[in-house]
Amino acid sequence: MRRSKRATATVYLLVVLAVLLFMFPIAWLFLTSLKPSTLTFAYPPVLVFEPTLQSYQEVLGQSDFPRYLLNSIIVGVLATVVALAIALPAGYALARMRVRGRGVLRAAALIPQMLPAIVVVIPLYMIFRSNGLLDNQLSLAFTYLALTVPISVWILSRFIEDLPVELDEAALVDGASRLQILVKVVLPLVRPGLAAAAVLCLLYTWNEFLYALILTGRDAKTAPVAIVGFMTNKEIYWGRMAAAGTVVLVPVLAFGIVAHRHLVRGLVSGSGR
Amino acid sequence: MRGPRDRTWAFLLPAYGAILAVVGIPVAYSLYLSFHRWKLTTFQAGVPFVGLDNYIQAVGDDGFWHSLELTIGFMVVALVVELVLGIGLAVLLEQVFRGRRAVLILLLLPMFVTNVVIGLIWRILLSYDFGLLNWLLSVLGLPKVAWLGDPGLALWSLVIVDVWNTTAFVALLVLAGLAAVPDEPRQAARVDGASAWQTFRLITLPLLKPVIFVAVVWRTIDLFRIFDVVYSLTGGGPYNATETISVYAYNQGFASFNLGFASAISYLIILALAFILAIEYRLLGRRAT
């Protein structure tokens, strides 16, 4: 379509405006994290200053925050690896094998994503409480399967559906078992699907807050819970909070850039079909 | 297609067993709890069956209705704003311009930001004394605003934050929908003398209905259950002004430690959400799926 010069200028203007509006809060967090502590509460807000890593040194060198980051990583990686391992055969079965109630099973994989977290976490707390499972990285990772398994089953079954079915058929004719087909034929081809699912699982678990808030305490606390802990302290250190927030945000934004297409595609097909 | 020795159940069992264990069983246990009295102060003396008492207490509780009403109000306002802005943004992004791919990714980034970091960012921006927004207002000669401290305003501040967070998501869904809308009817309408707005409203928008329905469903679910951002931004305050239904259930469960009651609230939340989704389906979804 051809546009007049004025229309083109309007498009560019609106695009720049949108980018500025959407990006400035993130940029402001970053700026705040680099300010010397004397300037974080300056008013009017200071835009030009000599950046310092002081806040990062405080958060990463003089607090327990690195431990909570490590907790986040451990729990996220565990929940992701286990989810991929068990979702791959399920995704394969849904895509390729004769499954009674396939539609119901597909829908069942969506329900956990639709339930409000508070509904699941209240009974989980009760169960964990009476079995001594609270404040434990392993048990938290186990509950995170509620986030990671459904999305992985969904993505992997879609990916496998898109692979040429002739490969399976040829292998079946040659007398291969389903397990052999899954490991030798499908697994090498479905790697992009595994990567997409892994990125989303890591994103979800890294960002998760409510489960961790309720199910962990001093030992297994994750980074988001620790950040909120900083915020409700009597003395508020914006610089440190901003540095901690930035540290949490950097991997998320990197992953978001990698995964944005899959996420949207998953959601569109997820509720459309 | 069928293999010789298919053991389909063995492929499905680990994943669905896990879902059952971490979602199905807890949610079923919650139903059991909702018919019992479990309080931190009394549970050691026993957890008696109390029938519908928890539900009756909830329905008679002003705090519950207050939370439900403000959650629905917040949801409707945020949903409408996000839809309108999201559709507008999608139309803008459908245009051809340089750097379009990069712009798409940049606009999507707020959607990935960790929820509690969203709370943190906007606490800094909306601070009454030192915040950037109040400074911008003062530059324009306007008075400072207590974004988070004024009970009449805090919920609106939450709407602003959520719009920032998720409008791009709506836009991206609609953009995917626009890509699937054929060009011919639109061009034909223009040739026949329809204005750009008429073409959009009478031709494009009806064709977008299915994808708008999907956006409405996902946004409804997320808005109705909002917790993290509220907890980290306002804590439900000031004076319960932002105590959304999830925050209310959390407070009943983990501030009052009245977990039988909180379980009953959980089921009322599920019921309310199902009811809202059913209404939306009647209004929008019928021919959409």
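Above: the structure in question.
In what follows, the accompanying structure is described.

**With respect to the overall build of chain A**
Thinking step 1. Regarding its fold elements, chain A presents 14 helices and zero strands.
Thinking step 2. Moving toward the C terminus, one meets the helices and strands of chain A in the order α-α-α-α-α-α-α-α-α-α-α-α-α-α.
Thinking step 3. Counting only residues that meet the buried cut, chain A has 47% of its 273 residues in that class.

**Describing the overall build of chain B**
Thinking step 1. Each helix and strand in chain B was counted, giving 13 helices and zero strands.
Thinking step 2. Every one of the 289 residues in chain B was classed for burial, and the buried ones make up 41%.
Thinking step 3. Partitioning the contacts of chain B with sequence separation of at least 6, the portion at a separation of at least 24 is 70%.

**Here's the deal with the packing of helix α3 (residues 65-96) of chain A against helix α8 (residues 145-161) of chain A**
All names here are of chain A.
Thinking step 1. Between α3 and α8, the least distance of the axes is 7 Å, while the angle of their chain directions is 40°. With respect to their mutual orientation, α3 and α8 come out oblique. Relative to α8, α3 is oriented so that their crossing is right-handed.
Thinking step 2. In terms of residue class, the contact of α3 with α8 is built from 16 nonpolar, five polar and two charged.

**Quick notes on the interface of chain B and chain A**
Thinking step 1. Taken together, the contact pairs 72 residues of chain B with 77 residues of chain A.
Thinking step 2. Of the residues assigned to the side of chain B that touches chain A, the class counts are 54 nonpolar, 11 polar and seven charged.

**Remarks on helix α10 (residues 178-189) of chain A**
Two residues of an α-helix separated by three or four positions point the same way, owing to the 3.6 residues in each turn.
All names here are of chain A.
Thinking step 1. Its 12 residues give α10 an end-to-end C-alpha distance of 15 Å, which sits within 8% of 16 Å, the value for a rise of 1.5 Å per residue.
Thinking step 2. Buried within α10 we find Arg178, Ile181, Leu182 and Val186. One face of α10 carries all of its buried residues, which in axial projection span an arc of 95°. Away from its buried face, by an angle of more than 90 degrees, α10 presents the exposed residues Lys184 and Pro188.
Thinking step 3. Those residues of α10 hidden inside the fold are in contact with α3, α8 and α9 (165-173).

**Some details on the nonpolar core**
Thinking step 1. Membership of the largest hydrophobic core comes to 162 residues, with the highest contact counts inside it found for Ala87(A), Ala90(A), Val121(A), Leu145(A), Ile227(A), Ala15(B) and Val174(B).
Thinking step 2. Looking at this core, the element that brings in the most residues is α3(A), giving 16 residues.
Thinking step 3. Ala87(A) has contacts with Val149(A), Ser152(A), Val153(A), Leu156(A) and Ala15(B), leaving out every residue within four places of it along the chain.

**With respect to unusual backbone geometry**
Excluding glycine, a negative phi dihedral is what most residues carry, and trans is how most peptide bonds are arranged.
Thinking step 1. Of the consecutive residues Tyr43(A) and Pro44(A), the connecting peptide bond is found in the cis state with omega at 0°.
Thinking step 2. Mapped onto the fold, Pro44(A) is located in the loop between α1 (5-34) and α2 (54-61).
Thinking step 3. Backbone torsion omega between Gly237(B) and Pro238(B) reads -10°, so that peptide bond is classified as cis.
Thinking step 4. Relative to the helices and strands, Pro238(B) resides in the loop between α11 (228-233) and α12 (245-254).
Thinking step 5. Even without being glycine, Asn240(B) reaches a positive phi, approximately 60°.

**Section: the environment of Arg201(B)**
Thinking step 1. Secondary-structure assignment places Arg201(B) in helix α9 (residues 196-207).
Thinking step 2. When the C-alpha atoms of Arg201(B) and Val91(B) are compared, they prove to be 12 Å apart, with 110 residues separating the residues in sequence.

**Some remarks on helix α10 (residues 209-224) of chain B**
Thinking step 1. Spanning 16 residues, α10(B) covers 22 Å between terminal C-alpha atoms, matching the ideal 22 Å at 1.5 Å per step.
Thinking step 2. Listing the buried residues of α10(B) in full gives Val211(B), Ile212(B), Phe213(B), Val214(B), Ala215(B), Val216(B), Val217(B), Arg219(B), Thr220(B), Leu223(B) and Phe224(B).

Reading guide: rules and limits
- As a convention, each chain's residues are numbered from 1 in the sequence order in which they are written.
- Chain letters and ligand numbers both follow the written order, the letters beginning at A and the numbers at 1.
- Where totals are concerned, whole chains, interfaces and linings use all residues; where local detail is concerned, this predicted model gives features only for residues with pLDDT of at least 70, and gives and counts side-chain atom pairs only at 80 or more.
- Put simply, DSSP H or I for four residues or longer makes a helix, DSSP E for two residues or longer makes a strand, and each gets a number counted from the N terminus.
- Neighbour counting defines burial: a residue surrounded by 20 or more other C-beta atoms within 10 Å of its own C-beta is buried, one with 12 or fewer is exposed, and intermediate counts give partly exposed, using backbone-placed C-beta atoms.
- Placing a C-beta atom from the backbone of each residue, one calls two residues in contact when those atoms lie within 7 Å.
- Lines fitted to C-alpha atoms define the axes here, with helix axes fitted over just the stretch in contact, and angles between the N-to-C directions of these axes take values from 0 to 180 degrees.
- Each angle gets one of four labels, with under 35 degrees taken as roughly parallel, over 145 as roughly antiparallel, 65 to 115 as roughly perpendicular, and the rest as oblique.
- Helix crossings fall into two classes, left-handed where the near helix is turned counterclockwise from the far one by less than a right angle and right-handed where it is turned clockwise.
- Classification convention: Asp, Glu, Lys, Arg as charged; Ala, Val, Leu, Ile, Met, Phe, Trp, Tyr, Cys, Pro as nonpolar; all other residues, Gly among them, as polar.
- What a helix is expected to span follows from its residue count: subtract one and scale by 1.5 Å.
- Each C-beta atom gives one direction from the helix axis, and the arc is the one those directions make.
- The term nonpolar core refers to a group of buried residues, namely Ala, Val, Leu, Ile, Met, Phe, Trp, Tyr and Cys, whose C-beta atoms join them within 7 Å.

By themselves, these observations are geometric and do not establish any function.
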